[in-house]
Amino acid sequence: MIRAVLVGAAGRMGRAITVAAQSEGGLRFTGAVDAARSAALGTDLGVHAGLAPLGVSIGSELAPLLSCADVVMDFSQPAVVGETLGRCAAARVPLLVGTTGLGTEQLLAAEQAARSIAVLIAPNTSLGVTLLLELVRRAAAALPTDYDIEIFEAHHREKKDAPSGTALALGRAAAQGRGRDFDDVAVRSRSGSGPRQPGEIGFAVQRAGDIVGEHSVTFAAAGERLVLGHVATDRAVFARGALAAARWLAGRHAGRYTMADVLSS
Ligand code: NAD
């Protein structure tokens with residue numbers, strides 16, 4: 001039985017992962033952490049997710065929980081991830097980062113931590129999106145460069161980052177397929193940008209209602225469009241993928257990993 005600690009335990013993904021872990025088995029939570037100001041502090045993790053009590057109280061301190069953990073899962077906020085990485089590296093506990101919207105600071109911290117622990121950064125833990133990334137890379141490599149690449153994503157009204165981490169990962173996969181530097185070709189917003197320049201990878205974003213997550217990548221040329229896409233209808237799909245990744249990470253040696261490593265094994 002793998003022992004896991006959940007950071008961001010009181011959030012939407014924290015609850016979905018708690019529920020999925022109960023129905024899947026093979027992993028149990030030995031600790032749960034949320035923000036010091038969270039109204040959920042002191043609540044049982046299971047009860048907060050609408051289940052029977054699990055005997056794990058949601059606290060605000062990660063460090064004391066790490067001696068009883070085989071893996072940590074972080075689904076919180078970007079500003080939290082640097083500290084999670086540092087604490088996990090110090091305690092030698094592998095870490096799954098599901099939190100999106102990471103900046104340069106957190107990515108550098110991840111490189112640093114990956115020298116001593118296994119770190120898997122997954123802006124999208126669904127196996128379908130993991131496969132989509134590979135399909136997009138291949139399509140971008142195979143099609144001539146006059147096929148314009150545009151990425152659309154839609155999420156619920158509470159989502160904080162835009163474009164989504166998944167949309168950016170799809171853009172990076174397309175840029176990689178074309179042998180281009182992503183930052184040279186990405187156009188994150190078209191407001192006031194003028195006509196499309198050759199080679200650009202453009203992003204469009206929708207925020208509305210309770211949309212769980214939709215992504216499409218369009219390759220458009222004169223006379224045809226190829227559209228590759230993914231629709232998540234239930235957060236449980238991310239939760240199940242996160243659990244698969246956590247089970248895969250436990251006991252893994254130091255280094256940077258992606259969901260493609262989980263899928264391929
Ligand atoms: P949410 O806002 O519902 O939950 C985030 C939780 O983090 C909240 O309970 C918040 O109180 C908590 N938090 C804030 N500061 C904290 C701290 N210092 N320590 C511990 N916890 C803290 O958001 P959500 O929808 O659950 O999403 C969480 C993250 O996961 C976001 O970045 C989202 O984009 C990402 N996400 C990833 C996937 C994936 O497949 N990887 C899927 C969905 C969402």
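Description of the structure in this document. Bear in mind that the values here come from a model prediction, so they are computed numbers and not experimental data.

Each value, and the rule that gives it
- Residues numbered from 1 in each chain as written.
- Predicted model: local features only at pLDDT ≥ 70, side-chain atom pairs only at ≥ 80, totals over all residues.
- Heavy atoms only, no water.
- Helix = DSSP H or I, 4+ residues; strand = E, 2+ residues; numbered from the N terminus.
- Rg over C-alpha atoms; globule rule 2.2 N^0.38 Å.
- Buried < 20%, exposed > 50% of the residue type's maximum accessible area, 1.4 Å probe, protein only.
- Contact = heavy atoms within 4.5 Å.
- Areas by Shrake-Rupley, 256 points an atom, 1.4 Å probe, with all protein chains shown as cover.
- Lys, Arg positive; Asp, Glu negative; His and termini not counted.
- Charge placed at Lys NZ, Arg CZ, Asp CG, Glu CD.
- Salt bridge = Lys/Arg side-chain N within 4 Å of Asp/Glu carboxyl O.
- Axes fitted to C-alpha atoms, helices over the stretch in contact; angles between N-to-C directions.
- Parallel < 35°, antiparallel > 145°, perpendicular 65-115°, else oblique.
- Nonpolar A, V, L, I, M, F, W, Y, C, P; charged D, E, K, R; others polar.
- Pairing = 2+ DSSP bridges.
- Near = heavy atom within 4 Å.
- Polar contact = N/O pair within 3.5 Å; in protein donor to acceptor, adjacent residues only side chain to side chain.
- Core = buried A, V, L, I, M, F, W, Y, C linked by side-chain atoms within 4.5 Å.
- Disulfide = S-S within 2.5 Å.
- Expected span 1.5 Å × (residues − 1).

### Structural notes on the overall build of the protein
Okay, so step 1: Across its full length, the protein carries nine helices and twelve strands.
Okay, so step 2: Relative to a compact globule of 265 residues, whose C-alpha radius of gyration would be 18 Å, the protein shows 19 Å and is just as compact.
Okay, so step 3: Dimensions along the principal axes, computed over C-alpha positions, put the protein at roughly 60 × 40 × 30 Å.
Okay, so step 4: Counting every position in the protein, which comprises 265 residues, the buried fraction comes to 48%.
Okay, so step 5: Contacts in the protein between residues far apart in sequence, at least 24 positions, make up 69% of those at least 6 positions apart.
Okay, so step 6: For the protein, the accessible surface area stands at approximately 12300 Å², while carbon and sulfur atoms represent 51% of it.
Okay, so step 7: Measuring between centres, the 26 positive side-chain charges of the protein sit 3 Å from its 25 negative side-chain charges.

### Re the pattern of salt bridges
Okay, so step 1: Inspection of every chain in the model, using the stated rule, returns twelve salt bridges.
Okay, so step 2: In this structure, Arg190 and Glu150 form a salt bridge, with 2.7 Å as the shortest nitrogen-oxygen distance. Of this pair, Arg190 sits in the loop between β8 (186-187) and β9 (201-207) while Glu150 sits in strand β7 (residues 148-155), and the two are 40 residues apart along the sequence.
Okay, so step 3: What makes Arg190 partly exposed here is its relative accessible area of 27%.
Okay, so step 4: As a salt-bridge pair, Arg207 and Glu153 come within 2.8 Å of each other at their nearest N and O atoms. Residue Arg207 is located in strand β9, and its partner Glu153 is located in strand β7; the two are separated by 54 residues in the primary sequence.

### Looking at the packing of helix α3 (residues 78-91) against helix α4 (residues 104-113)
Okay, so step 1: Contact geometry for α3 and α4: axes closest at 9 Å, N-to-C directions at 10 degrees. Comparing the axis directions of α3 and α4 gives the class roughly parallel. Taking contact as the criterion, the partners of Pro78, Ala79, Val81, Gly82, Leu85 and Ala89 in α3 are, on α4, Gln106, Ala109, Ala110 and Ala113.
Okay, so step 2: Each residue belonging to the contact of α3 with α4 can be placed in one class, and the counts come to eight nonpolar, two polar and no charged.

### Focus on the sheet that holds strand β3 (residues 58-59)
Okay, so step 1: On the basis of which strands lie adjacent, the open sheet formed by seven strands has the order β3-β2-β1-β4-β5-β6-β12 and parallel pairing. Edge strands, defined here as strands with exactly one partner in the open sheet, are β3 and β12 (255-257).
Okay, so step 2: Sitting on the sheet, helix α1 (residues 12-24) is in contact with β1 (2-7), β2 (27-33) and β4 (71-74), with an inclination near 155 degrees to β2.

### With respect to the site of the ligand
Okay, so step 1: In the vicinity of the ligand lie 24 residues, with Met13, Asp34, Thr100, Ala122 and Thr125 positioned nearest.
Okay, so step 2: Arg12 places a polar main-chain atom, nitrogen or oxygen, 2.9 Å from an oxygen atom of the ligand.
Okay, so step 3: Gly98 has a polar backbone atom sitting 3.2 Å from a nitrogen atom of the ligand.
Okay, so step 4: Here the shell around the ligand is built from residues that sort into ten nonpolar, nine polar and five charged.

### Digging into the pairing of strand β11 (residues 224-232)
Okay, so step 1: Inspection of the sheet shows strand β10 (residues 213-221) paired to β11 by nine bridges, in the antiparallel sense. Pairing of Thr218 across the sheet is with Val227, part of β11.
Okay, so step 2: As consecutive antiparallel partners, β10 and β11 are separated by two residues, and within that stretch Gly223 has a phi angle of approximately 95 degrees, a positive value.

### Quick word on the nonpolar core
Okay, so step 1: With 37 residues, the main nonpolar core has Ile17, Phe29, Met73, Leu96 and Leu120 as its most contacted residues.
Okay, so step 2: Counting only elements with at least two residues in this core, the list comes to β1, α1, β2, β4, β6 (118-121), α8 (236-249) and α9 (259-264).
Okay, so step 3: At eight residues, the largest contribution of residues to this core is made by α8.
Okay, so step 4: Beyond its immediate stretch of four places on either side in the chain, Leu120 contacts Leu95, Leu96, Val97, Ala245, Trp248, Leu249, Tyr257, Thr258, Met259 and Val262.

### Describing the state of the cysteines
Okay, so step 1: A full pass over the atoms with the stated rule returns zero disulfides.
Okay, so step 2: Here Cys68 is not disulfide-linked; the sulfur of Cys88 is the nearest cysteine sulfur, at 14 Å.
Okay, so step 3: For Cys68, a relative accessible area of 39% translates into the label partly exposed.
Okay, so step 4: Classification of Cys88 as buried rests on a relative accessible area of 0%.

### A short note on the sheet that holds β10
Okay, so step 1: Strands sit in the order β8-β9-β7-β10-β11 across an open sheet of five strands; the sheet is mixed. Bordering the open sheet on either side are β8 and β11, each of which pairs with just one other strand.
Okay, so step 2: Each of β7, β10 and β11 is contacted by helix α5 (residues 127-142), which is oriented at about 165 degrees to β11, the strand it contacts most.

### Here we look at helix α6 (residues 165-178)
Okay, so step 1: For α6, built from 14 residues, the straight-helix expectation of 20 Å at 1.5 Å per residue is met to within 8% by its first-to-last C-alpha distance of 20 Å.
Okay, so step 2: Most of α6 sits inside the fold, with twelve of its 14 residues counted as buried.
Okay, so step 3: The set of residues buried in α6 consists of Gly165, Thr166, Ala167, Leu168, Ala169, Leu170, Gly171, Ala173, Ala174, Ala175, Gly177 and Arg178.
Okay, so step 4: Of the surrounding secondary structure, the elements contacted by the buried residues of α6 are α5, β7, α7 (182-185), β9 and β10.

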